[in-house]
Amino acid sequence: MELSEDDLALINVLQMAPRLSWGDAAEILGVHATTLAARWDRLRASGVSWITAHLIGDPHQMCLAFIAVDCEMHRRDEVTAQLALMPEVVTVEEAASKRNLMLTVITRSLDDLSDQVMSRLKEIEGLTKYETALCTRLHSSGGAWRLNVLDRAQQAAVRALAGADGGTAAAAAAAASARELPESHLALLPFLARDGRATAAEIARSLGRHPATVQRQLNRVLASGMLSFRCEVAQRYSSFPVTCQWFVNVPAGQHEAAAAELKTMRNVRLSASTTGPTNFVIIMWLQSLADVMTIELALQQKVPGIELVESVVMLRTVKRVGWMLDADSRASGAVVVPAQGLAP
């Protein structure tokens with residue numbers, strides 16, 4: 001499947017505002033709303049693009065961890081499959097390095113990380129070793145990555161129309177609430193994980209609740225700050241088929257400045273301050289392996305005092321923020337979320 005310029009433009013709009021109405025999107029792209037809805041249905045059905053909601057991972061609210069896993073090579077597939085079935089392990093990647101697998105894990109607390117994840121890692125046969133780095137500051141995440149095919153006027157129009165949409169991680173973080181959501185509200189979360197554009201009416205039909213009740217609950221969930229909505233695209237179709245993760249050291253007191261510089265680089269998918277042997281993690285999508293050296297030179301120029309300790313290229317992404325992916329990076333349609341919702 002080839003993506004047309006119209007397909008890419010629609011995906012770009014939904015990256016900026018995942019829950020934007022088709023009517024508003026039509027104003028920006030100059031295409032009828034029904035045409036856009038049909039185009040999105042095709043993209044989603046083919047697994048090339050999808051919209052999901054996941055725990056935001058902000059360490060002010062919850063626990064975000066990056067775990068490197070070693071396993072017996074003849075049991076790698078078995079170990080990978082078991083890890084991917086764990087809802088707290090939101091992303092699973094096969095690495096071309098001394099680390100066999102790289103995991104991204106989100107739990108509500110450090111205690112939950114220990115009780116719900118670490119204890120289970122020890123029980124997986126064939127998993128021989130793991131090393132954990134905890135996120136102390138999340139500077140940017142994959143939900144902020146863009147295709148950048150819209151012109152400036154179109155981007156400004158999306159931002160204006162999405163002002164009250166609550167679809168971006170930044171908006172959600174600004175509206176963060178420390179209060180726990182009631183159990184009745186948590187029941188909505190699996191529906192949003194499977195379809196980030198799910199409406200109150202659709203969720204109400206599945207739950208057997210009144211649409212007006214679900215709309216109030218949905219509004220509170222959207223304003224809670226616990227979720228990040230993102231429009232994903234199959235990496236192979238994004239023109240950036242290579243994933244590279246850097247483990248680096250940034251001088252103390254320079255992390256915010258480093259993060260600001262990284263936000264000027266369009267390739268960045270994630271940047272975070274961490275604990276462990278290094279104190280900063282950077283993940284980028286690149287057009288080719290040759291870009292690794294180019295990026296490293298750029299990092300040294302942009303971030304004074306940065307120490308590049310290790311670079312890891314990913315061979316394959318098995319699971320991305322809850323969604324199981326096929327070998328060609330398209331969504332398989334399977335989504336792994338806790339039965340009671342994204343929050344325990």
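Reference entry: report on the structure contained in this document. Keep in mind that what you see is a predicted model, and the values were worked out from it rather than measured. (Residues numbered from 1 in each chain as written. Predicted model: local features only at pLDDT ≥ 70, side-chain atom pairs only at ≥ 80, totals over all residues. Heavy atoms only, no water.)

**Some points on empty space enclosed by the protein**
If you walk through the whole model with that rule in mind, you get two cavities of 30 Å³ or more. In this structure, the largest cavity spans a volume of roughly 370 Å³. As for the largest cavity, its lining consists of 28 residues, and the residues nearest its centre are Thr-91, Thr-104, Arg-230, Leu-270 and Ile-283. Counting only elements with at least two residues in the lining of the largest cavity, the list comes to strand E2 (63-71), strand E3 (89-96), strand E4 (101-107), strand E6 (227-233), strand E7 (242-249), strand E8 (268-274), strand E9 (280-286) and strand E10 (307-320). Examining the composition of the lining of the largest cavity, we find that four residues originate from one element, E4, more than from any other. Its residues assigned to classes, the lining of the largest cavity comprises 13 nonpolar, ten polar and five charged. Its boundaries defined by the atoms lining it, the second largest cavity holds a volume of some 50 Å³. (1 Å grid on protein atoms, 1.4 Å probe; cavity = no way out; pocket = protein on both sides within 12 Å on 5 of 7 lines; lining within 4 Å. Points joined across faces, edges and corners; volume = space filled by probe spheres on them. Helix = DSSP H or I, 4+ residues; strand = E, 2+ residues; numbered from the N terminus. Nonpolar A, V, L, I, M, F, W, Y, C, P; charged D, E, K, R; others polar.)

**Side note on the nonpolar core**
Membership of the largest hydrophobic core comes to 35 residues, with the highest contact counts inside it found for Leu-189, Leu-192, Met-226 and Leu-227. For this core, the element with the most residues is helix H11 (residues 211-223), which contributes four residues. Ile-28, Ile-51, Trp-145 and Ala-162 belong to the second largest nonpolar core, which has 32 residues in total. (Core = buried A, V, L, I, M, F, W, Y, C linked by side-chain atoms within 4.5 Å. Buried < 20%, exposed > 50% of the residue type's maximum accessible area, 1.4 Å probe, protein only.)

**A word on the pairing of E4**
Along E4, seven of the seven residues are buried, which leaves the element largely enclosed by surrounding structure. Neither face of E4 is open: one carries Leu-101, Leu-103, Val-105 and Thr-107, the other Met-102, Thr-104 and Ile-106, and all of them are buried. Two strands pair when backbone bridges link them, and E2 and E4 are joined in this way by seven bridges, in the antiparallel orientation. Its bridge partner being in E4, Leu-64 is matched across the sheet by Ile-106. Both E3 and E4 contribute to a ladder of five bridges, which runs antiparallel. Residue pairing across strands places Val-92 opposite Leu-103, the latter belonging to E4. The hairpin formed by E3 and E4 contains four residues between the paired strands. (Pairing = 2+ DSSP bridges.)

**Re the layout of surface pockets**
Leftover empty space is mapped by rolling, across the atoms, a probe with the size of a water molecule. Reported here for the second largest pocket is a volume of approximately 310 Å³. Lining the second largest pocket are 22 residues; nearest its centre among them are Ala-68, Arg-99, Glu-131, Pro-277 and Glu-310. Sorting the residues of the lining of the second largest pocket by element identifies E2, strand E5 (127-140) and E10 as the ones contributing at least two each. Among the residues forming the lining of the second largest pocket, the class breakdown is eleven nonpolar, five polar and six charged.

**Side note on the pairing of E2**
Buried residues dominate E2, accounting for eight of its nine residues. Inspection of the sheet shows E2 paired to E5 by seven bridges, in the antiparallel sense. The residue of E5 that forms the bridge with Ala-65 is Leu-134.

**Notes on the side chain of Thr-278**
Mapped onto the elements, Thr-278 comes out in the loop between E8 and E9. Setting aside chain neighbours within four positions, we find Thr-278 in contact with Phe-247, Val-248, Asn-249 and Val-309. (Contact = heavy atoms within 4.5 Å.)

**What about the pattern of salt bridges?**
Applying the stated rule across the entire model yields 13 salt bridges. The partner of Glu-256 in a salt bridge is Arg-137, and the shortest N-O contact between them spans 2.6 Å. Of this pair, Glu-256 sits in helix H12 (residues 255-262) while Arg-137 sits in strand E5, placing them 119 residues apart in sequence. Salt bridges sharing partners connect three or more residues here, namely Asp-6, Asp-7, Arg-39 and Arg-42. (Salt bridge = Lys/Arg side-chain N within 4 Å of Asp/Glu carboxyl O.)

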